[in-house]
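These are the residues of each chain, in order.
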Amino acid sequence: MPTITLSTSKKHELIDITSQVEEIVKNSKVKEGICFIYVPHATAAVTINENADPNIQTDIIKAVNKIVLEHDNYLHDSIDNNAAAHIKSTMIGVSEAIPINDGSLQLGTWQDLFFCEFDGPRSNRKVIVKVIKQ
Amino acid sequence: MPTITLSTSKKHELIDITSQVEEIVKNSKVKEGICFIYVPHATAAVTINENADPNIQTDIIKAVNKIVLEHDNYLHDSIDNNAAAHIKSTMIGVSEAIPINDGSLQLGTWQDLFFCEFDGPRSNRKVIVKVIKQ
Amino acid sequence: MPTITLSTSKKHELIDITSQVEEIVKNSKVKEGICFIYVPHATAAVTINENADPNIQTDIIKAVNKIVLEHDNYLHDSIDNNAAAHIKSTMIGVSEAIPINDGSLQLGTWQDLFFCEFDGPRSNRKVIVKVIKQ
């Protein structure tokens, strides 16, 4: 099962995984189908957004941190101190499905695929990629 | 690849695409499978919710605009002035997968499919629909 | 079509459905593929998060209720008084796709599958599970 392995260097970080996913799609030889992206972590997520201006990553992280308050008397903070990261994972989500047409991923002109780290830095973060033929 | 093309008329707008998606499912002749909806834009999204009361669209837009603040010193605003729309796209998401049973889309009684415009008005918005056989 | 039927006992509640979904995957005999989870309700959702510490469920509900304000002059409240539940359904989402490898669901070590009730208590809530072979 094709898997991308990542290390993250900050508490909150978006990492562009588009080229690795495109490589997996190419190697699959699937011409028409769906590419699934799955993040098997409860304090991370996956999203699709623009990377032409990398500032958007900073803006997304800033907004998510404002939407989900840090250490807001969460019960889980007394155990692991990362409840906010869990909530962010649920808000953004851990799965995406992108169509494949004529062998290529149908991301829009302004779309890239990002792994979202909400509880870094971490080594050994995983992204599972599955390609299904139509 | 079946694609729905839309024009939007407001900055924020939900557009019901259920009947067009159902038509594509019908034409696919797939009896058991999954229907994928994919929005290839970084300032739009797709969601599933009720349309029996169209006021819900207004309520969703109002809530999303309260959750994601407009022009909150985002870095991308100096380039394109639409950072909030990008963040909304990430919060709501650009992909959905709905089961097909006996040739029909398994939306619940109170569920319709909506294209979400967060940076309109725009012409030439696209929604890609892919039907996969089980 | 395999379907899980649930009753909920509170207005807001997360219910762990992992073991029922794993049973459906086992019975499908699919070794490599994707498991789709679909919630056909407009005031509920599905999410993936940790259950090793069940407090996380409480933290997620608390945070979601803070993000989406209750009775914030929503138009739909005059009809059904549950607009906030509809908005939460759109924020969290009603579909998930999890890879299957060697016959087993590829949830991460700290991931469980949850049905999210935002407008309970209700009987006869449904979760549709579809397994697609690669």
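See above for the structure.
Now for a quick tour of the structure.

Parameters at a glance
Residues numbered from 1 in each chain as written. Chains lettered and ligands numbered in written order. Predicted model: local features only at pLDDT ≥ 70, side-chain atom pairs only at ≥ 80, totals over all residues. Heavy atoms only, no water. Pairing = 2+ DSSP bridges. Helix = DSSP H or I, 4+ residues; strand = E, 2+ residues; numbered from the N terminus. Contact = heavy atoms within 4.5 Å. Axes fitted to C-alpha atoms, helices over the stretch in contact; angles between N-to-C directions. Buried area = accessible area lost by both parts, 1.4 Å probe. Salt bridge = Lys/Arg side-chain N within 4 Å of Asp/Glu carboxyl O. Polar contact = N/O pair within 3.5 Å; in protein donor to acceptor, adjacent residues only side chain to side chain. Nonpolar A, V, L, I, M, F, W, Y, C, P; charged D, E, K, R; others polar. Least-squares fit on C-alpha atoms with pLDDT ≥ 70 in both. Buried < 20%, exposed > 50% of the residue type's maximum accessible area, 1.4 Å probe, protein only. Lys, Arg positive; Asp, Glu negative; His and termini not counted. Disulfide = S-S within 2.5 Å.

**Regarding the sheet that holds strand β1 (residues 3-6) of chain B**
Adjacent strands of a sheet pair through backbone hydrogen bonds, lying either parallel or antiparallel.
Residues and elements named next belong to chain B.
Reasoning step 1: If you trace the five strands from one edge of the open sheet to the other, you get β1-β8-β3-β5-β6, paired in antiparallel fashion. Edge strands, defined here as strands with exactly one partner in the open sheet, are β1 and β6 (104-105).
Reasoning step 2: One ladder, built from six bridges, connects strand β3 (residues 33-38) with strand β8 (residues 125-133); its direction is antiparallel. For F36, the partnering residue across the bridge sits in β8 and is K130.
Reasoning step 3: The sheet contacts of helix α1 (residues 18-28) involve β1, β3, β5 (95-101), β6 and β8, and relative to β8 the element is tilted by about 35 degrees.

**Observations regarding the interface of chain C and chain B**
Reasoning step 1: On the chain B side, the residues contacting the 28 residues of chain C number 35 residues.
Reasoning step 2: With both chains or domains summed, chain C and chain B bury close to 2500 Å², and 61% of this area falls on carbon and sulfur atoms.
Reasoning step 3: Three residues, Y38(C), T90(C) and K130(C), lead the burial of chain C against chain B; their summed loss comes to 24% of the area buried on that side.
Reasoning step 4: Between chain C and chain B we count two salt bridges in total.
Reasoning step 5: The partner of E32(B) in a salt bridge is K130(C), with the nearest N and O atoms 2.8 Å apart.
Reasoning step 6: At the junction of chain C with chain B, the criterion picks out 18 residue pairs in polar contact (both at pLDDT 80 or more).
Reasoning step 7: For the side of chain C that touches chain B, the elements supplying multiple residues, two or more each, are β3 (33-38), α3 (83-92) and β8 (125-133) of chain C.
Reasoning step 8: Classifying every residue of the side of chain C that touches chain B gives 19 nonpolar, seven polar and two charged.

**Some words on the relation of the copies chain C and chain B**
Reasoning step 1: Expressed as a screw transformation, the operator carrying chain C onto chain B has a rotation angle of 120 degrees and an axial translation of 0.0 Å, and the superposed copies differ by an RMSD of 0.0 Å. Such a combination of turn and shift is consistent with a three-fold rotation axis.

**What about the pairing of strand β4 (residues 44-49) of chain C?**
All names here are of chain C.
Reasoning step 1: Of all six residues making up β4, six are buried, and the element is well covered by its neighbours.
Reasoning step 2: Here β4 pairs with strand β7 (residues 112-117) via six bridges, running antiparallel. In the sheet register, T47 faces β7, and the bridge partner there is F114.

**Here's the deal with the side chain of D77(A)**
Residue and element names in this part refer to chain A.
Reasoning step 1: Mapped onto the fold, D77 is located in the loop between α2 (55-67) and α3 (83-92).
Reasoning step 2: For the buried residue D77, which engages in no salt bridge, the nearest side chain bearing the opposite charge is K11, 8.3 Å off.
Reasoning step 3: For D77, the side chain forms a polar contact with the main-chain nitrogen of N82, separated by 3.4 Å.
Reasoning step 4: Sequence-distant contacts of D77, that is, excluding residues within four places in its chain, are made with H71, D72, N82 and A83.

**Some points on the state of the cysteines**
Reasoning step 1: Using the criterion set out here, one finds zero disulfides over all chains in the structure.
Reasoning step 2: The thiol of C35(A) is unpaired, and the distance to the nearest cysteine sulfur, on C116(A), comes to 16 Å.

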